[in-house]
Number of protein chains: 4
Amino acid sequence: MPTGTDTHRRKVSEMKRAAIVDAARKNFLTHGYAGAGMAEIAHDADVSTATLYKHFASKEALFVAVVKQVARSAGDYSGLFAPNDTVRDILYKACRTYLAAQFEQDANALMRIVMAEVPGAPQLARETYAELGTRRIDSFKAVVDQMIARGMLRPHDSAFSARIGSGILKEIFVWPALFDKEIGLPPDTDEKIHRCIDCFMAIFGSED
Amino acid sequence: MPTGTDTHRRKVSEMKRAAIVDAARKNFLTHGYAGAGMAEIAHDADVSTATLYKHFASKEALFVAVVKQVARSAGDYSGLFAPNDTVRDILYKACRTYLAAQFEQDANALMRIVMAEVPGAPQLARETYAELGTRRIDSFKAVVDQMIARGMLRPHDSAFSARIGSGILKEIFVWPALFDKEIGLPPDTDEKIHRCIDCFMAIFGSED
Amino acid sequence: MPTGTDTHRRKVSEMKRAAIVDAARKNFLTHGYAGAGMAEIAHDADVSTATLYKHFASKEALFVAVVKQVARSAGDYSGLFAPNDTVRDILYKACRTYLAAQFEQDANALMRIVMAEVPGAPQLARETYAELGTRRIDSFKAVVDQMIARGMLRPHDSAFSARIGSGILKEIFVWPALFDKEIGLPPDTDEKIHRCIDCFMAIFGSED
Amino acid sequence: MPTGTDTHRRKVSEMKRAAIVDAARKNFLTHGYAGAGMAEIAHDADVSTATLYKHFASKEALFVAVVKQVARSAGDYSGLFAPNDTVRDILYKACRTYLAAQFEQDANALMRIVMAEVPGAPQLARETYAELGTRRIDSFKAVVDQMIARGMLRPHDSAFSARIGSGILKEIFVWPALFDKEIGLPPDTDEKIHRCIDCFMAIFGSED
DNA sequence: AATGAATGAGATTTCATTCAT
DNA sequence: AATGAATGAAATCTCATTCAT
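Report follows, based on the coordinates. (Residues numbered from 1 in each chain as written. Chains lettered and ligands numbered in written order. Predicted model: local features only at pLDDT ≥ 70, side-chain atom pairs only at ≥ 80, totals over all residues. Heavy atoms only, no water.)

**Here we look at the protein's contact with DNA strand F**
Note the threshold: Think of it this way: one heavy atom of a residue within 4 Å of a molecule or strand is enough to make that residue near it. Pairs of N or O atoms are called polar contacts if they sit within 3.5 Å, as long as, within protein, a hydrogen donor faces a hydrogen acceptor (for residues adjacent in sequence, only side-chain-to-side-chain pairs). What counts as a helix is a DSSP run of H or I of at least four residues, what counts as a strand is a run of E of at least two, and both are numbered from the N terminus.
Looking at DNA strand F, there are 33 residues lining it, with Ala-50 and Thr-51 of chain A, Tyr-53 of chain B together with Ala-50 and Thr-51 of chain C nearest. Within 4 Å of the protein, atoms of DNA strand F come from sugar and phosphate in 55% of cases. Contact between DNA strand F and Tyr-53 of chain D: a phosphate oxygen at 2.8 Å from a side-chain N or O atom of the residue. Lys-59 of chain D places a main-chain nitrogen or oxygen 3.1 Å from a phosphate oxygen of DNA strand F. Among the elements of the structure, helix H3 (49–55) of chain A, helix H1 (2–35) and helix H3 (49–55) of chain B, helix H1 (2–35) and helix H3 (49–55) of chain C together with helix H3 (49–55) of chain D are those that each provide at least two residues to the surface near DNA strand F. Looking at the surface near DNA strand F element by element, the count peaks at 5 residues for H3 of chain C.

**What to know about the side chain of Asp-180 of chain D**
Keep this limit in mind: For the exposure calls, accessible area comes from a 1.4 Å probe over protein chains only, and a residue counts as buried if that area is under 20% of its type's maximum, exposed if over 50%, partly exposed in between. Contacts are assigned to residue pairs with any non-hydrogen atoms lying within 4.5 Å of each other.
Its place among the elements puts Asp-180 of chain D in the loop between helix H8 (158–178) and helix H9 (189–204). The exposure class assigned to Asp-180 of chain D is buried, which follows from its relative accessible area of 12%. In contact with Asp-180 of chain D, not counting residues within four places along its chain, are Val-118 and Arg-126 of chain C together with Arg-112 of chain D.

**Some details on the relation of the copies chain B and chain A**
Each of the two chain copies can be generated from the other by rotation about an axis followed by a shift along it. Put simply, the rule reads: For the least-squares superposition of copies, only C-alpha atoms count, and only for residues with pLDDT at least 70 in both.
Taken as rigid bodies, chain B and chain A are interconverted by a rotation of 179° and an axial shift of 0.0 Å, the fit giving an RMSD of 0.3 Å. Here the symmetry operator amounts to a two-fold rotation axis.

**Remarks on the environment of Leu-80 of chain C**
All names here are of chain C. On the secondary structure map, Leu-80 appears in the loop between helix H4 (59–72) and helix H5 (87–104). As for Leu-80 and Met-115, which are separated by 35 residues in sequence, their C-alpha atoms are 32 Å apart. If we ignore the near neighbours within four places in the chain, the residues touching Leu-80 are Asp-85, Ile-90, Lys-93, Ala-94, Thr-97 and Val-143.

**A look at the protein's contact with DNA strand E**
The line we're drawing: The nonpolar class holds Ala, Val, Leu, Ile, Met, Phe, Trp, Tyr, Cys and Pro. Asp, Glu, Lys and Arg form the charged class, and all remaining residues, Gly among them, are polar.
Of all residues adjacent to DNA strand E, which total 33 residues, the nearest are Ala-50 and Thr-51 of chain B, Tyr-53 of chain C together with Ala-50 and Thr-51 of chain D. Within 4 Å of the protein, atoms of DNA strand E come from sugar and phosphate in 54% of cases. Lys-59 of chain A is positioned with one of its backbone polar atoms (N or O) 3.0 Å from a phosphate oxygen of DNA strand E. Elements supplying a minimum of two residues to the surface near DNA strand E: H3 of chain A, H1 and H3 of chain B, H1 and H3 of chain C together with H3 of chain D. Looking at the surface near DNA strand E residue by residue, the classes come out as 11 nonpolar, 16 polar and 6 charged.

Structure follows, in structure tokens:
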């Protein structure tokens with residue numbers, strides 16, 4: 001019965017593919033795009049280079065696969081609204097979610113690499129920006145929309161305020177981390193988040 | 001009289017050095033750090049590779065020189081205060097100066113490359129962040145301080161507000177440009193700047 | 001059955017390795033260490049430079065391999081004692097064996113190169129001296145020990161006499177060859193050997 | 001008066017030449033022929049590379065000059081015969097003189113380098129062998145001749161015995177030093193010399 | 001006569017990719 | 001389908017030597 005064999009083969013093949021993407025992500029993040037080597041990736045994934053090339057036609061194709069895999073995890077903004085939450089409570093949770101997605105998934109390191117490839121692979125960079133940049137702000141915007149609907153924020157252009165909020169968070173937390181791989185979230189993150197929220201509410205808060 | 005000869009030689013040598021840095025900047029910006037080739041840089045500068053290496057001991061040293069040269073042009077924030085300027089006028093000019101420094105000198109492209117080198121050359125990245133990141137915000141902060149002193153802005157922590165302002169501008173203008181080398185300042189830049197100023201003044205404006 | 005493939009691959013690979021060492025020996029001997037080029041070695045071995053570097057991680061590693069290969073042929077001193085041989089017969093055969101190992105395997109040329117690398121690679125030089133210098137004398141000493149046991153030579157410190165014998169042979173035959181690559185064993189080698197034996201027996205011969 | 005100036009100029013020029021040869025010797029001995037760099041030699045001699053090339057047309061020519069300079073100091077065997085000296089006393093002094101010339105003037109290191117250049121510069125090697133090898137043995141032979149004339153040694157072919165003596169000394173003292181730049185004369189040099197003399201006298205001593 | 005910046009040619013080494021088995 | 005040895009093309013860097021001043 002070839003079916004069973006086929007299924008088995010496909011399963012093995014997919015596992016190898018996953019192992020490759022995994023090994024590739026680690027290598028790209030550690031050594032950068034140019035620094036990562038196909039041989040080492042293959043070795044780390046317990047696969048021959050030839051097999052690697054069966055799955056991904058080129059280094060760039062492999063890199064695209066890694067980016068897409070990471071970008072897929074955008075952060076979950078559902079269930080942010082608990083019954084007795086204040087405006088600040090909800091904004092705080094939204095900020096935390098935003099930052100978690102940015103820091104926990106190596107998204108910073110990935111952004112660095114993607115940016116570096118802008119001259120060489122503009123399409124990839126644009127797509128990644130859409131995934132890692134725009135999409136996250138859209139999620140944030142959805143939260144803002146809900147808050148406006150509930151009268152928690154003054155009515156305004158939420159697309160704009162979401163970017164403003166994102167910009168403030170990036171400046172305080174993300175930007176430094178882009179230039180230093182050892183910088184994570186600082187110990188006084190909470191306090192800083194609240195100062196950011198102060199700003200946000202000074203602009204977009206309801207007027208009472 | 002060796003002086004004449006020496007002076008001449010030095011002058012020629014310095015011109016070659018400048019030509020090398022120039023060619024290097026173009027190459028790095030076009031192809032990225034790894035993509036740029038010393039041979040091509042030397043060729044573009046009309047110099048042999050050996051001469052190139054007399055001036056810069058390694059590819060990295062050359063890159064550092066390029067970064068420093070670009071960073072040197074941090075933007076001139078003096079003479080921002082004209083007699084009858086409103087708060088908004090001054091902030092507008094400050095924003096324009098900030099954005100000019102960021103866009104006119106290829107600073108965006110350079111930032112991309114430096115970020116890409118974070119894993120491989122952390123020290124360089126940190127120094128560049130200090131030059132291209134922190135220093136620009138400091139200039140901005142000095143403007144804010146003056147405005148506070150003149151009662152144009154509510155008294156507050158100017159170090160913080162300078163970062164907030166910088167963060168907002170980056171999000172709206174810089175961030176997209178980091179992911180797309182063809183993105184410069186948009187046609188409706190003025191309008192966008194004014195929306196940013198609205199935000200800034202909502203937070204830090206004097207309360208009248 | 002991967003075994004067949006593996007075996008075949010290994011066989012091919014080993015042949016290439018041998019070809020590389022061979023080509024390398026010729027190049028090193030002809031042009032010296034610094035003068036030999038990896039590209040030419042690869043070409044002579046019908047192999048790409050990349051393959052060469054798969055087998056030997058560096059020029060130095062390749063040179064070490066060459067030295068070890070040559071050193072392996074230390075000369076065979078067994079079967080020197082025939083029933084009716086006189087003392088002189090046996091010493092003559094030992095001298096011939098010693099000189100054969102020194103001249104037939106390019107050991108002289110190799111010694112030259114190794115010596116030249118003394119400042120740059122002291123460890124290698126020391127090891128080579130152990131292989132090409134000490135070990136050969138040890139073999140000679142074993143022969144002397146047997147001759148003493150049979151009463152053919154006066155009892156004495158064989159470690160010392162072996163060095164004396166080796167020193168005399170080196171002076172007469174090896175030393176000139178070290179300074180002139182075209183000098184091999186001279187036509188009157190036999191006569192010279194016997195004069196050396198005269199000296200040796202004058203010192204260490206039994207007194208009858 | 002140009003004469004004074006000319007004389008002065010020539011004097012300066014000769015001093016520079018000497019400085020160059022000196023710096024060259026140090027560099028060659030330290031780094032080997034290939035390892036030594038013309039730029040560094042010029043720097044060490046406080047001279048420009050162009051001046052260096054005015055004095056010596058090429059690296060090889062400079063090396064030849066160094067070899068000749070060192071070879072010129074062959075050791076002084078005159079005044080070896082004191083009134084009441086025994087045979088052994090005189091031979092001891094001759095050995096000491098021989099070894100001093102070999103070890104004190106970096107002759108070992110120079111020999112290493114010359115040998116390395118045998119394939120590339122055969123003529124130089126042959127000449128050096130004549131200077132550093134043959135000539136020293138000739139001096140030794142002269143001493144032997146005198147000893148024969150005085151009845152201190154059995155009449156024999158002194159050209160041969162000088163080589164035998166030289167060979168024994170080389171084996172014991174020089175050979176190891178050729179493979180290890182840190183090896184000088186050992187602490188028990190005297191004892192070893194006397195064992196060598198024992199051998200020599202067993203062969204060539206007068207029979208009383 | 002002297003300088004030292006500049007050079008051309010070549011060195012070793014690396015790596016994404018292919019191909020015979 | 002999978003292997004891993006082999007490759008070609010290029011990269012960074014060095015150095016003896018020359019030349020304009």
